[in-house]
Amino acid sequence: MTNIVLPRRQLLAATALTALAAPAIVRAQSKEPIRLGTAMPLTGSQAGYGADFVTGMRMAAKDVTEAGGIAGRPVEILALDTQADPQLGINAVNRFIGVEKLPMYFVAWSPVVKAVAPISNREKVLAINTGANAPEIAHLGDYVYTAFPLADVDISKLATYSVKTLGKKRAAVLYINNDTGIDAAKIYREFFTAAGGQIVAFEAYDPKATEFTGMLLKTRAANPDMVHIHGLLTDVPQVIAQMRQLGMTQRVSTYSVAYNPKILEQLGAAAEGLIVTSLAPGVAENPRLTPFIERWKKEAGRAPNGLPYIQYQYDMVLMAKAMYEYLDKKGIAATGESLREALLAVKTFELPMTGQMVVDGHRVDKPVYLLTVEKGQFVPLATLS
Amino acid sequence: MRLPLLAATGPMGWLGIVAAALTVYALPLVLDDAFFILVMQSLAYLYIVAIGIDILVGWTGQISIGHAGLYAVGAYTSALLTTKAGFSFWASAPLGVVAAGIAGGLLALPSLRAKGPYLAMVTLAFGFMVEVTANRWDFTGGPMGIMSIPGPRLPSGEEMDGTEYFWLIGGTAIVVQVLTANLYRSRIGRTLFALQGSEVAAETVGINVYAWKVLAFVLSSVCAGLGGVFFAHQNGFINSDTFVFGLSVQLLTSALMGGSGTLFGPLVGSVILNLLPTIFAHLHEYQLYIYGGIILVTIVFMPRGIVGSLLQLNVVRGLLPKPAAIAPDPSVIAELREGARPTVTVRDLSKHFGGIRALNNVDISIKPGTVHGLIGPNGSGKSTFVNVVTGIYKPTSGEVEVAGKQVGGSSPHGMARSGITRTFQSIRLFGDLSVLNNVMVGFHLQLRYGFLSHLFQTAGAVAEEERYRRRAMALLEFVGIADRAEDLAQNLSYGEQRRLEIARGLATKPKLLLLDEPAAGVNPTELHYLADVIGRIKAAGVTQVVIEHHMELIMGISDTISVLDFGQKIAEGTATEVRANPKVIEAYLGAPAEGETHG
Amino acid sequence: MYDPIILAQIFWTGLASASPHVLMTVGFALTLKVTGLWNFAQAGFMAVAFYTMYMALNWLGLPIAVAVLLAIGTTVAASLATEAYGLQVLRERQSGNLTFFIFTLILSEFLIYVITLIFGTEPQTLFKSILSPVQIIGGVAVSDWDMLGVGLMIGGMFALWLFMTFTRDGQFLTAVADNAKLAELYGISARRSYRVTAVIASLFIVASMYLIGSHGGIVPNTPLELVLSAVLGTLLGGIGRVFAAGAASIFLALIQSFSILFLASRWQNLLLYGFLFVAILLFPRGVRLPKFRFALLAGR
């Protein structure tokens with residue numbers, strides 16, 4: 001396996017520096033660029049996804065600029081590191097607002113989205129969630145919106161599917177003890193029982209835990225026929241691996257975080273039957289995806305981490321384009337307030353990678369794609385809407 | 001003409017305060033950048049915490065690597081009171097500080113019984129316990145923390161903006177620094193530094209070491225809590241992710257790097273550690289290199305921290321104001337003469353360590369105003385005797401009486417209160433304090449003005465300090481080292497250090513002064529001074545017990561000599577009587593005198 | 001839940017999972033015993049060990065034996081360099097405990113920063129798969145990794161015991177630990193003992209990181225968290241008692257494993273730290289009694 005870390009990081013550093021230096025360079029060009037801020041983990045344990053998210057946005061920025069830009073202006077991405085940590089997220093957003101004077105920014109990872117909400121509301125700067133799925137995000141205030149479906153969209157459908165279609169009756173829910181896992185686990189429980197199933201085990205684990213034997217033995221003793229794991233890429237593979245090593249053969253489901261080729265490598269045969277959700281159309285549904293993946297492989301030297309999420313990141317630039325151009329047509333300056341109104345006025349966005357997006361207040365609803373692992377590959381399982 | 005408060009702050013001090021206040025006022029107006037104002041806010045409250053940590057670590061020499069826990073107590077208390085109980089910031093903030101102080105006190109009480117690495121680890125465990133509890137407990141919001149924490153409101157009803165909040169924090173920081181400076185220059189600071197110098201010696205002049213360590217811990221907790229309160233209301237959000245071990249380390253590092261035990265060390269350290277990341281932020285990964293590298297270099301090459309190392313440069317020392325000359329007040333010697341002169345009696349004293357009988361039914365009566373020698377071969381129990389009489393050991397049986405009153409079994413500082421003090425065979429001075437201040441520590445039991453008076457530097461407290469400085473000077477003259485008054489105690493020659501210890505002992509107005517092998521390691525010239533001092537102390541009316549091996553000295557100065565061997569008194573009398581006593585000769589030489597010598 | 005097979009499984013897996021922690025604790029405790037230093041730089045060395053193996057296996061495609069040897073090499077080098085250029089300098093300057101502590105901690109962080117720069121922050125494992133073959137023995141799932149862990153743990157401690165009891169260098173370690181200056185008077189080089197300790201600790205570190213890295217993902221910061229478990233074991237075992245520290249580590253791990261039976265997993269950590277807090281306070285070995293030397297005169 002080739003390690004692309006160095007070139008990618010240099011690429012990021014270089015582009016970040018360029019982004020910061022951008023105004024100086026661009027003044028040489030005709031129009032000032034539109035800068036889109038994104039607060040993502042560029043370092044830390046979640047950087048594998050965060051860095052790729054930013055790359056996805058940059059690809060879109062390049063494409064949009066080459067196609068004429070937003071209202072004729074080039075597009076640039078300004079990425080700041082959050083390490084998926086709330087405090088660093090706060091710092092990053094304060095920089096966006098105080099130093100860079102941005103009217104809008106994109107952000108992900110539930111703990112961060114929640115932490116920066118008060119700032120957005122206070123300063124009237126628009127925050128758009130592009131990857132976190134804590135249901136509370138729909139209630140964080142007037143200036144916090146989501147372009148990414150929250151857990152009540154995919155987890156609810158997954159739970160119902162597990163009962164109604166897969167015929168499971170006894171589910172165990174294992175979840176990470178933070179914003180990412182707590183509410184999503186509750187939603188799974190709610191819908192699984194509503195569909196007629198029974199939750200036989202409901203266990204939280206520490207985000208830093210590496211050893212799950214006790215929890216798994218407790219789970220095994222409860223005799224489930226389905227295990228749903230809601231965690232992060234740093235722990236989900238471990239839980240599954242240790243499950244299998246303890247002789248637990250139940251089918252495992254999780255959410256889109258595990259839709260990642262690395263998991264297949266780590267788990268090998270243990271991944272067979274794993275069900276993951278995806279909130280973005282796959283190669284079969286969206287013909288634009290295959291060339292996009294090829295382009296990514298060529299530029300980065302490997303497959304993208306978390307493809308469905310990256311599809312959303314890419315589309316965010318197009319969404320911003322629609323919002324800015326709405327304001328531009330009306331001759332309104334882009335501020336947090338006006339962009340928010342633009343978001344609600346435009347409401348329906350036709351986006352290249354993820355399809356149609358309808359902004360329904362502080363929520364979006366999308367079809368849920370289920371995939372499963374068969375013979376070491378992710379294959380489509382069902383589409384739920 | 002003195003002010004009632006801040007009575008000793010001279011014109012330079014006031015100038016400094018005004019300059020600081022103006023800087024705090026002008027910074028946000030000049031910078032006018034919301035992000036940097038936030039950085040400045042953080043710097044200001046972390047600086048307050050660093051001051052508190054320095055009081056504990058730099059002044060008192062105790063370790064805590066769990067202060068993030070106390071910071072968290074302040075933050076969560078204020079956050080919960082405002083979000084769940086509807087308190088206003090102005091009420092919740094002081095309560096948060098008090099809560100942190102109480103938490104610190106509760107932590108300190110059991111923990112300060114442990115020393116060194118054990119204390120460090122107990123505080124470490126505490127820090128983790130706070131973090132884990134905050135993370136798991138629903139009351140504190142669990143891992144998701146507490147949101148929508150309101151900021152302080154002005155009388156008009158509006159919430160403070162970033163600039164006004166910075167003024168609040170910065171102003172508070174200035175106040176904390178001024179109060180800390182007051183303590184630093186007062187008996188409070190002196191006492192804490194003495195603890196770091198030698199806890200045992202501090203006990204013998206009457207300092208309740210444990211209580212003072214708890215005080216230092218509580219002070220540092222209060223500062224940590226104050227910082228935490230400001231932090232909680234800065235961003236409207238807190239969760240347990242902030243209060244991690246790494247924060248405790250960062251706080252310690254800022255105190256250490258700046259220069260622990262100096263007045264402005266915490267400021268320098270805080271500025272560097274908190275501004276560095278922002279300055280180098282655009283260098284992304286290299287920022288961490290630079291940050292870590294700077295810290296490493298400072299720790300290795302500047303062991304006294306930045307300010308500490310600067311203070312060692314002669315150039316810098318030349319710029320510091322020279323202390324004024326102090327006119328000695330000889331009334332302190334007169335008071336020694338007039339002091340009570342009770343008889344100190346040791347009756348039937350025994351001290352056993354397991355099966356070893358270090359002292360066995362020893363009876364010694366020390367006549368007031370005399371020099372009572374105590375001799376004996378190695379292992380005869382002389383050191384044990386001194387340790388029991390000064391309270392370091394409790395007697396197994398028997399009594400120590402001062403003027404007929406039983407005092408045996410007290411703690412060392414209790415014994416000091418009863419008038420018994422000592423010097424040590426291996427000299428124990430407060431090395432970081434000046435010679436004069438070493439003697440000042442000896443006045444501990446006589447100083448009347450307490451913590452609050454010195455915190456606010458009242459006129460009365462300042463006047464008392466001046467009075468006693470003059471008395472200390474007189475004592476230094478008495479032992480002949482007045483010319484070294486402003487030097488650091490650790491820079492004195494061995495003999496001078498001996499004499500300083502004696503001066504410190506005299507400062508306690510002792511009813512009995514025990515000198516434990518004062519001639520050890522002393523050269524013949526110094527020996528002469530020593531005998532002279534002992535004679536003059538006797539002339540001043542103070543009763544002395546001198547333990548010695550140096551026969552010439554002891555025979556020369558003693559009025560009575562008691563001889564111990566294997567824990568028992570085998571002889572007592574004048575020098576001549578003892579010298580001729582066959583039992584004494586046998587004890588030293590091993591057999592009835594026949595020209596045989598033992599090596 | 002009290003089925004004997006389940007209890008046996010919890011015991012076995014708990015013991016096996018504890019093995020890398022025991023190994024790193026023994027290394028840490030030995031360093032503390034001989035040098036008197038709470039060597040937080042060990043976190044940095046652990047990162048060096050893991051990433052050397054990772055690079056050798058995944059970037060250079062070397063066989064595992066070579067990777068392990070390389071890792072031993074780099075870890076020993078880092079250890080000895082720190083000893084010679086950092087710790088000895090501080091020792092000569094008679095720096096206080098706090099200075100040593102901060103220095104070793106910042107050194108670890110610095111090493112980790114450098115490693116982050118080279119390797120990035122994605123979780124990495126030594127091998128592509130984190131599973132190892134499992135057999136069911138008496139109803140209990142026993143994996144190859146489990147057996148390797150327990151084997152290294154027991155074998156490592158036994159080898160160390162043999163070394164310290166029967167070889168000269170090993171005995172010197174105890175002498176230097178007891179009283180370095182006195183040992184020097186007898187011709188024992190304290191610095192050589194420090195170097196021997198550094199090498200032994202490195203071996204334990206490499207073994208420990210091999211186990212951890214083949215079982216789950218590691219990010220550069222992981223060693224900083226791991227070293228704290230070494231500190232806990234050392235404290236409970238008692239300063240200067242290396243094997244007791246190892247035993248304490250096992251004990252702590254088993255408590256945590258079994259506590260799942262009656263305690264929600266979210267309170268396990270609190271239990272651990274609370275236990276530590278109370279344990280230190282109830283055994284306040286910080287209070288030192290002045291030594292009483294009593295010269296025994298023969299025949300009297």
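Model, not experiment: these values are computed from the prediction.

### Points about the interface of chain A and chain B
Facing the 26 residues of chain A at the interface are 22 residues of chain B. For the pair chain A and chain B, the two sides together bury roughly 2,100 Å², of which 60% comes from carbon and sulfur. On inspection of chain A and its partner chain B, the count reaches one residue pair in polar contact (both at pLDDT 80 or more). Elements with a contribution of two residues or more to the side of chain A that touches chain B: α1 (5–26), α3 (86–98), α4 (110–123) and α6 (179–194) of chain A.

### Considerations on the pairing of strand β9 (residues 560–565) of chain B
Residue and element names in this part refer to chain B. Buried residues dominate β9, accounting for six of its six residues. Going residue by residue along β9, you find Thr-560, Ser-562 and Leu-564 tucked away on one face and Ile-561, Val-563 and Asp-565 tucked away on the opposite face as well. Of the pairings in the sheet, the one linking strand β3 (residues 371–375) to β9 comprises four bridges and is parallel in character. Note that in β9 the partner of Gly-373 across the bridge is Ile-561.

### Side note on the domain arrangement of chain B
All names here are of chain B. One can read the domain layout of chain B as domain 1 (31–152 + 159–244) and domain 2 (332–589). The centre of domain 1, based on its C-alpha atoms, is set 41 Å off from the matching centre of domain 2. Contacts between domain 1 and domain 2 engage 25 residues on the former and 30 residues on the latter. Summing the contributions of domain 1 and of domain 2, the shared interface buries around 2,400 Å²; its carbon and sulfur component is 65%. The tally of links from domain 1 across to domain 2 stands at one salt bridge.

### Quick word on the packing of helix α4 (residues 89–111) of chain B against helix α9 (residues 209–235) of chain B
Packed helices, taken two at a time, are described by the angle their axes make and the gap between the axes. All names here are of chain B. Axis separation between α4 and α9 bottoms out at 7 Å; the angle between their running directions is 145 degrees. Note that α4 runs across α9; the crossing there is right-handed. Here the contact of α4 with α9 is composed, by residue class, of 16 nonpolar, eight polar and no charged.

### Describing the sheet that holds strand β13 (residues 363–364) of chain A
All names here are of chain A. An order of β11-β12-β13 is seen for the three strands of this open sheet, with the pairing classed as antiparallel. With one partner strand each, in any of the chains shown, β11 (348–351) and β13 form the two edges of the open sheet. Where strand β12 (residues 355–360) meets β13, two bridges bridge the pair, whose relative direction is antiparallel. Along β13, the bridge assignment pairs Asp-360 with Arg-363. Lying over the sheet, helix α11 (residues 307–330) contacts β11 and β12, oriented at roughly 130 degrees with respect to β11.

### Topic: the packing of aromatic side chains
Under the counting rule described, the total for this entry stands at 44 aromatic pairs over all chains. Geometrically, the ring pair formed by Tyr-49 of chain A and Tyr-309 of chain A is tilted, given 6.0 Å between the ring centres and 40 degrees between the ring planes. Of this pair, Tyr-49 of chain A sits in helix α2 (residues 47–66) while Tyr-309 of chain A sits in helix α11, placing them 260 residues apart in sequence. Since its relative accessible area comes to 5%, Tyr-49 of chain A is described here as buried. For the ring pair Phe-89 of chain B and Phe-230 of chain B, a centre distance of 6.5 Å and an interplane angle of 35 degrees mean the geometry is tilted. Within this pair, whereas Phe-89 of chain B is found in helix α4, its partner Phe-230 of chain B is found in helix α9, the two being separated by 141 residues in sequence. Each member of the pair Phe-89 of chain B and Phe-230 of chain B is classed as buried.

### Comments concerning empty space enclosed by the protein
For the coordinates displayed, the defined rule picks out 10 cavities of 30 Å³ or more. The computed volume of the largest cavity comes to approximately 190 Å³. Lining the largest cavity are 15 residues, with Leu-233, Thr-234 and Lys-262 of chain A together with Glu-122 and Pro-123 of chain C positioned closest to its centre. Counting residues per element, the ones that place at least two in the lining of the largest cavity are α2, α8 (236–245) and α9 (261–267) of chain A. For the lining of the largest cavity, the class distribution of residues is four nonpolar, nine polar and two charged.

### Considerations on helix α18 (residues 435–442) of chain B
Residues and elements named next belong to chain B. A large share of α18 lies buried, amounting to seven of its eight residues. What α18 keeps buried is the set Val-435, Leu-436, Asn-438, Val-439, Met-440, Val-441 and Gly-442. Contacts made by the buried residues of α18 are with α7 (187–197), α20 (459–479) and α21 (494–507).

### Brief notes about the domain arrangement of chain A
Residues and elements named next belong to chain A. Here chain A is partitioned into domain 1 (5–149 + 288–353) and domain 2 (152–278 + 368–384). Computed over C-alpha atoms, the centres of domain 1 and domain 2 are 30 Å apart. Contacts between domain 1 and domain 2 engage 18 residues on the former and 16 residues on the latter. Note on domain 1 versus domain 2: buried area summed over both sides is about 1,400 Å², and carbon and sulfur give 54% of it. Viewed at the interface, domain 2 and domain 1 are joined by zero salt bridges.

### A closer look at the nonpolar core
Of all hydrophobic cores here, the largest spans 164 residues; its most connected members are Phe-230, Ile-238 and Phe-245 of chain B together with Phe-101 and Met-209 of chain C. Ranked by residues supplied to this core, first place goes to helix α2 (residues 34–59) of chain B with 15 residues. Of the residues that make up this core, three or more belong to each of domain 1 (31–152 + 159–244) and domain 2 (332–589) of chain B. Apart from residues no more than four positions distant in its own chain, Met-209 of chain C is found in contact with Met-46, Ala-49, Phe-50, Met-53, Leu-126, Ile-218, Pro-223 and Leu-226 of chain C. Residues Ala-132, Tyr-175, Tyr-314 and Val-373 of chain A belong to the second largest nonpolar core, which totals 146 residues.

### What about the packing of helix α9 (residues 222–237) of chain C against helix α10 (residues 242–259) of chain C?
Residue and element names in this part refer to chain C. Where α9 contacts α10, the axes come no closer than 7 Å and their chain directions differ by 115 degrees. Crossing geometry of α9 relative to α10 is assigned as right-handed. Where α9 approaches α10, its residues Leu-232, Gly-233, Thr-234, Leu-236 and Gly-237 are matched on the opposing element by Ala-244, Ala-245, Ala-248, Ser-249 and Leu-252. Per-class residue counts for the contact of α9 with α10 are six nonpolar, four polar and no charged.

### Thoughts on the environment of Leu-445 of chain B
Residues and elements named next belong to chain B. As for its position among the elements, Leu-445 is in the loop between α18 and α19 (451–455). With a relative accessible area of 25%, Leu-445 lands in the partly exposed category. C-alpha of Leu-445 to C-alpha of Leu-195: the two residues are 250 residues apart in sequence and 15 Å apart in space. Setting aside anything within four residues of it in sequence, one finds Leu-445 in contact with Val-205, Gly-206, Ala-416 and Arg-417.

### Section: the pairing of strand β7 (residues 512–516) of chain B
All names here are of chain B. A large share of β7 lies buried, amounting to five of its five residues. Pairing analysis gives four bridges linking strand β6 (residues 420–423) to β7, with the strands arranged parallel. Counted as the bridge partner of Ile-420 is Leu-512 from β7. When β7 meets strand β8 (residues 544–547), the two strands line up parallel, connected through four bridges. Its bridge partner lying in β8, Leu-515 is registered against Val-546. At this point the chain moves from β7, through helix α22 (residues 524–539), to the parallel β8, and the crossover so formed is right-handed.

### Quick look at the interface of chain C and chain B
Opposite the 39 residues of chain C that make contact, chain B presents 49 residues. Together chain C and chain B conceal approximately 4,500 Å² of surface at their shared face, both sides included; 80% is due to carbon and sulfur atoms. At the boundary of chain C with chain B, the tally comes to zero residue pairs in polar contact (both at pLDDT 80 or more). When residues of the side of chain C that touches chain B are traced back to their parent elements, those giving at least two are α3 (64–92), α4 (97–119), α9 and α11 (268–282) of chain C. By residue number, the principal contributor to the side of chain C that touches chain B is α4 of chain C, which donates 12 residues. A per-class count over the side of chain C that touches chain B returns 31 nonpolar, four polar and four charged.

### Description of the sheet that holds β7 of chain B
Residues and elements named next belong to chain B. Taken in spatial order, the six strands line up as β6-β7-β8-β3-β9-β10 in an open sheet, and their pairing is mixed. Two strands close off the open sheet at either side, each with one partner strand: β6 and β10 (568–573). When strand polarity is set aside, the average angle formed by the axes of neighbouring strands in this sheet is 20 degrees. Packing against the sheet, helix α25 (residues 582–589) makes contact with β3, β9 and β10, and its axis sits at approximately 130 degrees to β10.

Each value, and the rule that gives it
Residues numbered from 1 in each chain as written. Chains lettered and ligands numbered in written order. Predicted model: local features only at pLDDT ≥ 70, side-chain atom pairs only at ≥ 80, totals over all residues. Heavy atoms only, no water. Contact = heavy atoms within 4.5 Å. Buried area = accessible area lost by both parts, 1.4 Å probe. Polar contact = N/O pair within 3.5 Å; in protein donor to acceptor, adjacent residues only side chain to side chain. Helix = DSSP H or I, 4+ residues; strand = E, 2+ residues; numbered from the N terminus. Buried < 20%, exposed > 50% of the residue type's maximum accessible area, 1.4 Å probe, protein only. Pairing = 2+ DSSP bridges. Domains from an automatic or database assignment. Salt bridge = Lys/Arg side-chain N within 4 Å of Asp/Glu carboxyl O. Axes fitted to C-alpha atoms, helices over the stretch in contact; angles between N-to-C directions. Left-handed = near helix turned anticlockwise from the far one by under 90°. Nonpolar A, V, L, I, M, F, W, Y, C, P; charged D, E, K, R; others polar. Phe/Tyr/Trp six-rings, centres within 6.5 Å; stacked < 30°, edge-to-face > 60°. 1 Å grid on protein atoms, 1.4 Å probe; cavity = no way out; pocket = protein on both sides within 12 Å on 5 of 7 lines; lining within 4 Å. Points joined across faces, edges and corners; volume = space filled by probe spheres on them. Core = buried A, V, L, I, M, F, W, Y, C linked by side-chain atoms within 4.5 Å. Right-handed = clockwise from strand over helix to strand, strands pointing away.

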